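# Structure assessment
What follows is each chain in one-letter form.
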Amino acid sequence: MRTALHYPRLAFTVLGLLAGAIALVIAVGPGPQAAKASSHREAPLIATDPTADNTDLYAFVSPDRPDTVTIVANYIPFEEPAGGPNFFNFDPSALYTLHIDNNGDGRDDVAYEFRFSTETRNPNTFLYNTGPIGSLNDPNWNVRQFYSVTRVVGHHETVLGSHLPSPPNNIGPRSTPNYAGLASAAVNTLGGGIKVFAGQRDDPFFVDLGSIFDLGGLRPFNSLHLIPLPDAPGVDDVAGYNVHSIVLQVPISQLVSGNPTIGIYASASRPKIRILTADGTQRHRGPFVQISRLGNPLVNEVLIPLGEKDYWNRQDPSDDSQFIGHYLNPELAALIHVLYPGLPAPPATGRSDLVSVLLTGVPTLNFTGPRPSDELRLNTAIPPTANPDRLGVLNGDFAGFPNGRRLGDDIVDIELRAIACGYGPILHQALGLCDLQPNDQLGDGVDANDRPFLPTFPYVALPKQGYDSHT
Amino acid sequence: MRRRLLIAGAAAAIAAAALSLGNALRGGSGQAAARSAPAVGIRPDSAEPTVGQLQARLRANPRDAHAYALLGVAYEQRARETGDPTYYTKAGGVLHRAVALAPKDLVATSGLGSLALSRHRFREALSLGRKALRLSPTTALSYGIVGDALVELGRYPAAFRAFDKMAGLKPGLASYSRIAYGRELLGQTAGAIQAMQLAVDAATSEREPAAWARWQLGKLYWSVGRLDAAEHQYRAALAAFPGYVYALDALAQLEAARGQTAKAISLERRAVDDVPLPQFVGLLGDLYRLQGRPALAQRQYALVGVIQRLLVANGVKTDLETALFDIDHGIRLPHALALARRAEADRPSIDGDDVLAWALARNGRCADALGWSRKALRLGTRDALKLFHRGMIEQCLGHRSAARSYLNRALALNPHFSIVWSPVARKALR
């Protein structure tokens, strides 16, 4: 099994090491695990917690249904396709939520809540399936997941769908002979023109982890590194792994209110419990506590210091002004200069450009007002382009990151250039953003996902199959 | 195989005699095995590659405090994976270097805290956990370190506050399992089972954590005699993680309870072969004895002593475990009592109190034992072994009805709580 498996949150690792703040033993390091070598009760302390690990969030105007927005939230990083007998599912006790803020105050105006349940057909076997799975209700499929979707507007909750089926994991030609058919049967159409899918998919993220983990290396820029090596093309270390995606498609009219720009974030929450309540009784489930959130990619990983990560994850974006110093003065900016002494040093303080891109939106593009809140901002009035540019707005493609985020947007290169003050000539001329050269050419050399995305819902590629995952 | 060799290799560090004993029992040559070790093993979730990466990173920059901290935690993980306590020594070395380079490093501080827990140095763990909380008062993990240490120091109200705080900051496997433990200590088994079920859910999609949570849930069912429910969880653990040693050991106890001694031995041997933890080896000895094979039993008991010495050589305090083992097996009882006293002073938890009570009773000092047994049961924990100890102490003092009451309670909770002592409890009631 590959090393990367031990780094639960790949996004995390990406610039993390570069930042020297890769810390995360707490989130990164070796897995969770109970101790074996001593006899007092040692419960796991370090939890990688993949079912609550929101790896990536995407939001874009649907290319084939431009009156709708599609939101993709991915969980469970580094699913090994051949990972049996352990198959992957969402946490049936957790609450997964997609939040939409349509008036720039950092608070939910519309939220979609997903709750999962696991059903075992035959409790006398632990097998995932006892024969080929020909359909979503095939009796050979023993461990199935279903979910409900609830829309929350203010205090008003509407159940949009319940007992919706999730597809099985993609196991192999014997267990899941017609996987594409199973997966498309798991696309659920709800009322009001809403489509939803929740289940295993190919991880659309792409990055050269191997090089970045080696002292922040970027292979195409190897010769400029503090410890130079010959330049080389990048290697996608996420290729071949799956994730679990929640994909929601909603008509724009159900999301916006005045300003066509909406702010989006995803979260995972779990019920809080106590040993005993104040009156000495026990409650099975207390209120939900948000344990992870994700708006803009790599913010938690790169900008938020280790000791604040748990706290940051619990906060509501409306309170993000308390973290503004981490955006204004990113540690990573200084480290780029240390690792690449030949590059011009980007300013490491006073980075109002990052505040604008990540916390308030960019004026004339997707500005939502002065309140800083970490949300993925999407101007729904900008139509999708037929030929998306992986560098999005940096290359003049305003339908891409940081205006929302499409599956193919090259987040690593875009954010690396942003932090290194290499926004490129277009944004420099249009908005006066800094454009140091050659910082505006930086990148890890991995420019696209290994598998093509789908032209229609749910867009994310089919998961890689266990049987042929190493061929 | 890998573990076997690591243990054998590690033994060389303490005594040639120990090494030869280990090898005689396990039939391996430490050196050769150590070299071939990395290739062996089915376990994909191993920190081994992480260790290699971090070592490379440190070769490039020997002053990288954070890499030392991460390496320390990776070594701790290796100790857990292999049962080889020499990793504790390695972990301690690099974690101290990390703290020397960066005194405020949170990972190094909490890494030292969890290392102290693994070594049963609970006062040290408490102070490290508190230091970690000063560095970051909002990080859930540090409350886990503090709470774990307080539990072992017998400071339950404070421990439970720490666990509640942890579960409020970050509900998940780590905090749910601690809530479950708190409820179990208070005798609230049904609530403990509910909390552990949440832990099982939170571990969905993970191998080892899922197996661990299932095993714990099974043990809760076992503690109240629900053997079939326990077995279901143990088998679920093995389905998630084939060969999971804790589930093998737990199933061995279960088969022994059903009178299937041969089956139990074969399960326990698989566990011992993979990770020779002293409690596994001790149970294997007990099973051999039950089967009427005293020579084989003695060999296991001797090995327990070797492993305890290995642990001690790597900084682990084993007084409590050694005292209980020796008392249960009639080994040097006065010495075991001295050990138990030392253990209780160091670790004044209900476990420390109970072992001291039992040590006093087995040395014929039942009047002294009674007070310690009362302390051991002060939380209302539904622990059959502690209730049995109390029953035997009451019997020794001639308190017949109290004795019957405690022995009955022990057997009612779980008629099979111990392959050695359940029959004794039943006999005493006749």
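Residues numbered from 1 in each chain as written. Chains lettered and ligands numbered in written order. Predicted model: local features only at pLDDT ≥ 70, side-chain atom pairs only at ≥ 80, totals over all residues.

## Description of the overall build of chain A
- A tally of regular secondary structure across chain A gives 10 helices and 12 strands.
- Within the span of chain A, comprising 471 residues, buried residues form 55% of the whole. (Helix = DSSP H or I, 4+ residues; strand = E, 2+ residues; numbered from the N terminus. Buried ≥ 20, exposed ≤ 12 C-beta atoms within 10 Å, placed from the backbone.)

## Things to note about unusual backbone geometry
- Between F401 of chain A and the following residue, P402 of chain A, the backbone shows a cis peptide bond with an omega angle of 5 degrees.
- With respect to the helices, strands and loops of the structure, P402 of chain A is situated in the loop between β12 (376-379) and α9 (411-419).
- Across the junction of Q437 of chain A and P438 of chain A, the peptide omega takes the value 5 degrees, indicating a cis bond.
- Looking at where P438 of chain A falls in the secondary structure, it is placed in the segment after α10 (425-431).
- In this model, H163 of chain A sits at a positive phi of 50 degrees, which is unusual for a non-glycine residue.
- Secondary-structure assignment places H163 of chain A in strand β6 (residues 156-165).
- Phi at H120 of chain B takes a positive value of approximately 60 degrees, unusual for a residue other than glycine.

## Some words on the nonpolar core
- Counting residues in hydrophobic clusters, the biggest one holds 157 residues, and the most contacted among them are A199 and A247 of chain B.
- Discounting residues that sit within four places of it in the chain, A247 of chain B has contacts with A211, W215, Y234, A237 and L238 of chain B.
- F60, I71, L98 and I291 of chain A belong to the second-largest nonpolar core, a separate cluster that totals 48 residues. (Core = buried A, V, L, I, M, F, W, Y, C linked by C-beta atoms within 7 Å. Contact = placed C-beta atoms within 7 Å.)

## Focus: the interface of chain A and chain B
- Counting from both sides, the interface comprises 57 residues of chain A and, opposite them, 76 residues of chain B.
- Elements that contribute at least two residues to the side of chain A that touches chain B include exactly β10 (261-271), β11 (288-294) and α5 (309-314) of chain A.
- Classifying every residue of the side of chain A that touches chain B by side-chain character gives 31 nonpolar, 16 polar and 10 charged. (Nonpolar A, V, L, I, M, F, W, Y, C, P; charged D, E, K, R; others polar.)

## Comments concerning the confidence of the model for chain A
- Residues of chain A with pLDDT of at least 70 account for 89%, and the chain-wide mean is 88.
- Overall, residues 1-39 of chain A carries pLDDT values under 50, and its contacts beyond four positions in sequence, including any with other chains, amount to 150 contacts. (pLDDT = per-residue confidence, 0-100.)

## What to know about the pairing of strand β2 (residues 68-79) of chain A
Residues and elements named next belong to chain A.
- In terms of residue burial, β2 counts as a mostly covered element, since 12 of its 12 residues are buried.
- Relative to β2, strand β1 (residues 54-61) runs antiparallel, the two sharing seven bridges. Residue pairing across strands places F60 opposite T70, the latter belonging to β2.
- Taking the residues that link successive antiparallel strands as the turn, the β1-β2 hairpin has six residues.
- Sheet topology note: the β2/strand β9 (residues 242-251) ladder contains nine bridges and is antiparallel. Directly across from T68, in β9, lies its bridge partner P251. (Pairing = 2+ DSSP bridges.)

## Quick look at helix α11 (residues 173-185) of chain B
Residues and elements named next belong to chain B.
- With 13 residues, α11 extends 18 Å between its outermost C-alpha atoms, agreeing within 8% with the 18 Å of an ideal straight helix rising 1.5 Å per residue.
- Extensive coverage of α11 is indicated by the burial of 13 of its 13 residues.
- Of the residues one or two after α11, G187 is the one with positive phi, at around 80 degrees. (Expected span 1.5 Å × (residues − 1).)

## Structural notes on the environment of D319 of chain A
- Relative to the assigned elements, D319 of chain A resides in the loop between α5 and α6 (324-328).
- For the pair D319 of chain A and P372 of chain A, spaced 53 residues apart in the sequence, the C-alpha separation amounts to 7.9 Å.

## Observations regarding the domain arrangement of chain B
All names here are of chain B.
- According to the domain assignment, chain B consists of domain 1 (136-241) and domain 2 (317-430).
- Here domain 1 and domain 2 have C-alpha centroids that lie 25 Å from each other.
- Counting residues per element, the ones that place at least two in the side of domain 1 that touches domain 2 are α9 (140-152) and α13 (208-223).
- Classifying every residue of the side of domain 1 that touches domain 2 gives seven nonpolar, five polar and one charged. (Domains from an automatic or database assignment.)

## Topic: the environment of S118 of chain B
All names here are of chain B.
- With respect to the element layout, S118 can be found in helix α7 (residues 106-118).
- We classify S118 as buried; it has 25 C-beta atoms within 10 Å.
- With 21 residues separating them in the primary sequence, S118 and T139 have C-alpha atoms 20 Å apart.

## As for the sheet that holds strand β7 (residues 188-189) of chain A
- With respect to topology, five strands assemble into an open sheet ordered β1-β2-β9-β8-β7 (chain A), the strand pairing being antiparallel. Unpaired on one side and paired on the other, β1 and β7 of chain A mark the two borders of the sheet.

## Some thoughts on the packing of helix α19 (residues 319-328) of chain B against helix α21 (residues 350-362) of chain B
Residues and elements named next belong to chain B.
- Relative orientation of the contacting elements α19 and α21 amounts to 30 degrees, with a least axis distance of 10 Å. Handedness of the crossing formed by α19 with α21: left-handed. Here L320, A323, L324 and I327 of α19 lie close against α21, whose contacting residues are D351, G352, V355, W358, A359 and R362.
- When grouped by side-chain class, the residues that make up the contact of α19 with α21 number seven nonpolar, one polar and two charged. (Axes fitted to C-alpha atoms, helices over the stretch in contact; angles between N-to-C directions. Left-handed = near helix turned anticlockwise from the far one by under 90°.)

## Let's talk about α9 of chain B
Residues and elements named next belong to chain B.
- Helix length check: α9, at 13 residues, gives a terminal C-alpha distance of 19 Å against a target of 18 Å (1.5 Å per residue), a fit within 8%.
- Taken across its 13 residues, α9 has 13 buried, putting it largely inside the fold.
- After α9 finishes, the residue G154 shows a positive phi value of roughly 75 degrees.

## Quick word on the pairing of β12 of chain A
Residues and elements named next belong to chain A.
- Alternating positions in β12 separate into two faces, L376 and L378 on one and R377 and N379 on the other, with burial throughout.
- By the bridge criterion, four bridges tie β10 to β12 in an arrangement that is antiparallel. The residue of β12 that forms the bridge with G263 is R377.

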